[in-house]
Amino acid sequence: EGRAYVLRRIIRRALRYGKALGFGEPFLHTIADGVVTEMGEAYPELVEKRDFIAKVVKAEEENFLETLDRGLAIFTEEVAKLGSGKKRVLPGDVAFRLYDTYGFPLDLTEVLCGEEGIGLDKAGFDVAMDEQRRRAREDRKASAYSGTQDDTQRYRELTEAVGKVEFV
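Anyway, here's the lowdown on the structure attached to this text. (Residues numbered from 1 in each chain as written. Predicted model: local features only at pLDDT ≥ 70, side-chain atom pairs only at ≥ 80, totals over all residues. Heavy atoms only, no water.)

1. Focus on the overall build of the chain
The criterion, for reference: By definition, any uninterrupted DSSP run of H or I lasting at least four residues is a helix, any uninterrupted run of E lasting at least two residues is a strand, and each is numbered from the N terminus. Radius of gyration here is computed from C-alpha atoms only, and the compact-globule reference equals 2.2 Å multiplied by the residue count raised to the power 0.38. Exposure classes here rest on a 1.4 Å probe applied to the protein chains alone. A residue is buried below 20% of its type maximum, exposed above 50%, and partly exposed in between. In this analysis, two residues are considered to be in contact whenever any of their non-hydrogen atoms come within 4.5 Å of each other. Here the open area of atoms and residues is found with the Shrake-Rupley method and a 1.4 Å probe, where only the protein chains shown may cover a residue. Positive charges come from Lys and Arg, negative ones from Asp and Glu, while His and the chain ends are left out of the count. Here the site of a charge means atom NZ of a Lys, CZ of an Arg, CG of an Asp or CD of a Glu.
On a plain count of helices and strands, the chain comes out with eight helices and two strands. Counting from the amino terminus, the chain carries its helices and strands in the arrangement α-α-α-α-β-α-α-β-α-α. Computed over the C-alpha atoms, the radius of gyration of the chain is 23 Å, more than 25% above the 15 Å expected from 2.2 N^0.38 for a compact globule of 168 residues. For the chain, the spread of C-alpha atoms along the three principal axes comes to 70 × 50 × 25 Å. Within the span of the chain, comprising 168 residues, buried residues form 27% of the whole. Intrachain contacts of the chain at a sequence separation of at least 6 include 65% that bridge at least 24 residues. For the chain, the accessible surface area stands at approximately 12,000 Å², while carbon and sulfur atoms represent 54% of it. Across the chain, the 27 positively charged side chains and the 32 negatively charged ones have centroids separated by 4 Å.

2. Section: the pattern of salt bridges
Any two side chains of opposite charge can pair, so long as their charged atoms come close to each other. The test is simple: A side-chain nitrogen of Lys or Arg and a carboxyl oxygen of Asp or Glu constitute a salt bridge if their distance falls within 4 Å.
Under the definition given, this model contains 14 salt bridges. A salt bridge links Asp69 to Lys19; its shortest N-O distance comes to 3.0 Å. Taken as a pair, Asp69 in helix H4 (residues 50-81) and Lys19 in helix H1 (residues 2-20) lie far apart in primary sequence, 50 residues in all. Judged by relative accessible area, Asp69 falls into the partly exposed class, the value being 40%.

3. Side note on the packing of helix H2 (residues 28-39) against H4
Which entries qualify depends on this criterion: Where helices are involved, their axes are fitted lines through C-alpha atoms of the stretch in contact, as for all axes, and angles between N-to-C directions lie from 0 to 180°. An angle below 35 degrees is read as roughly parallel, one above 145 as roughly antiparallel, one from 65 to 115 as roughly perpendicular, and any other as oblique. In this scheme, a crossing is called left-handed if the near helix is turned counterclockwise away from the far one by less than a right angle; it is called right-handed if the turn is clockwise. Charged means Asp, Glu, Lys or Arg here, nonpolar means Ala, Val, Leu, Ile, Met, Phe, Trp, Tyr, Cys or Pro, and polar covers whatever is left, Gly included.
Viewed as axis vectors pointing N to C, H2 and H4 meet at an angle of 150°, and their least axial separation amounts to 8 Å. In this view, H2 runs roughly antiparallel relative to H4, as classed from their interaxial angle. Crossing angle aside, the handedness with which H2 passes H4 is right-handed. When H2 is examined against H4, the residues Leu28, His29, Ala32, Asp33, Val36 and Thr37 are found in contact with a partner set consisting of Arg50, Ile53, Ala54, Val57, Lys58 and Glu61. A breakdown of the residues in the contact of H2 with H4 according to their chemical character gives six nonpolar, two polar and four charged.

4. Thoughts on helix H5 (residues 92-102)
Listed as buried for H5 are Gly92, Val94, Ala95, Phe96, Leu98 and Tyr102. The positive-phi residue at the C-terminal boundary of H5 is Gly103, with phi of around 70°.

5. Focus on the nonpolar core
Note the cut-off: Working definition of a nonpolar core: buried Ala, Val, Leu, Ile, Met, Phe, Trp, Tyr and Cys residues. They are joined through side-chain atoms within 4.5 Å.
Within the largest apolar cluster, 27 residues are counted, with the highest numbers of intra-cluster contacts made by Leu15, Phe75, Leu90, Leu98 and Phe104. When contributions to this core are tallied by element, the ones reaching two or more residues are H1, H4, H5, helix H6 (106-116) and helix H7 (122-143). Leu98 has contacts with Gly71, Ile74, Phe75, Gly103, Phe104 and Thr109, leaving out every residue within four places of it along the chain.

6. Details of H6
Condition: Directions pointing from the helix axis toward each C-beta atom define the arc.
Residues of H6 that are buried: Leu106, Leu108, Thr109, Leu112 and Cys113. Down the axis of H6, the buried set is contained in an arc of 160°. They therefore lie on one face. Immediately beyond the C-terminal end of H6, within one or two residues, lies Gly117, with a positive phi of roughly 70°.

7. Topic: the side chain of Glu78
Along the chain, Glu78 turns up in helix H4. Sequence-distant contacts of Glu78, defined by excluding residues within four places in its chain, comprise Leu90, Val94 and Arg97.

8. With respect to the environment of Gly85
Checked against the element boundaries, Gly85 lands in the loop between H4 and strand E1 (89-90). On the basis of relative accessibility, which here comes to 42%, the residue Gly85 falls in the partly exposed class. Expressed as a C-alpha distance, the spacing of Gly85 and Ile118, which sit 33 residues apart in the sequence, is 9.8 Å.

9. Considering the packing of H4 against H5
Two numbers describe how H4 lies on H5: the axes approach to 10 Å, and their chain directions differ by 165°. For the element pair H4 / H5, the angle class is roughly antiparallel. As for the relative orientation of H4 and H5, their crossing is right-handed in sense. Where H4 abuts H5, its residues Phe64, Thr67, Arg70, Gly71, Ile74, Phe75 and Glu78 lie against Val94, Arg97, Leu98 and Tyr102. Looking at the contact of H4 with H5 residue by residue, the class counts come to six nonpolar, two polar and three charged.

10. Looking at a nonpolar patch on the surface
What counts here: Distance thresholds for patches are 9 Å for like charges and 5 Å for nonpolar side chains (Val, Leu, Ile, Met, Phe, Trp, Tyr), applied to residues having over 30% relative accessible area and no salt bridge.
A cluster of nonpolar residues, Tyr5, Val6, Leu7 and Ile10, forms a patch on the protein surface that exposes about 370 Å² of accessible area. Note that Val6 resides in helix H1.

So, to be careful, I would describe these as geometric facts and stop short of saying anything about function.
Structure follows, in structure tokens:
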């Protein structure tokens, strides 16, 4: 979320282009050191946390590279299913699956579609996203504490049996 989300998207986009250039292993963490060196005077906290930054960037790279191959394979399969007609469009539910399961931001899927010369059903993506949000809301409501009379009675019985618990 927030800045971390934006940074993660930049890292993922860079990894995808690195993969297209033949980089099969994490590489951005090595570039991070150069950024720290260049920006360290203006942002001394970068110098102090140089090792931590490299470690976090490498972990993000490793996590995403694991899913990138699977996601790209699914994308390729789905594009092949579209055939060779003039009006080829990647279905929104496929774009949503890439987003939800493989961490492909919609803009990355748009780039992939552009490279393949196909359209993207953004409206279908939005429908799938709205449906997921609706299900998540229902799940939260279903799992929320109801506070029934029976629960209150059980709590009192437990408190009497166990006694006061002091957290330290």
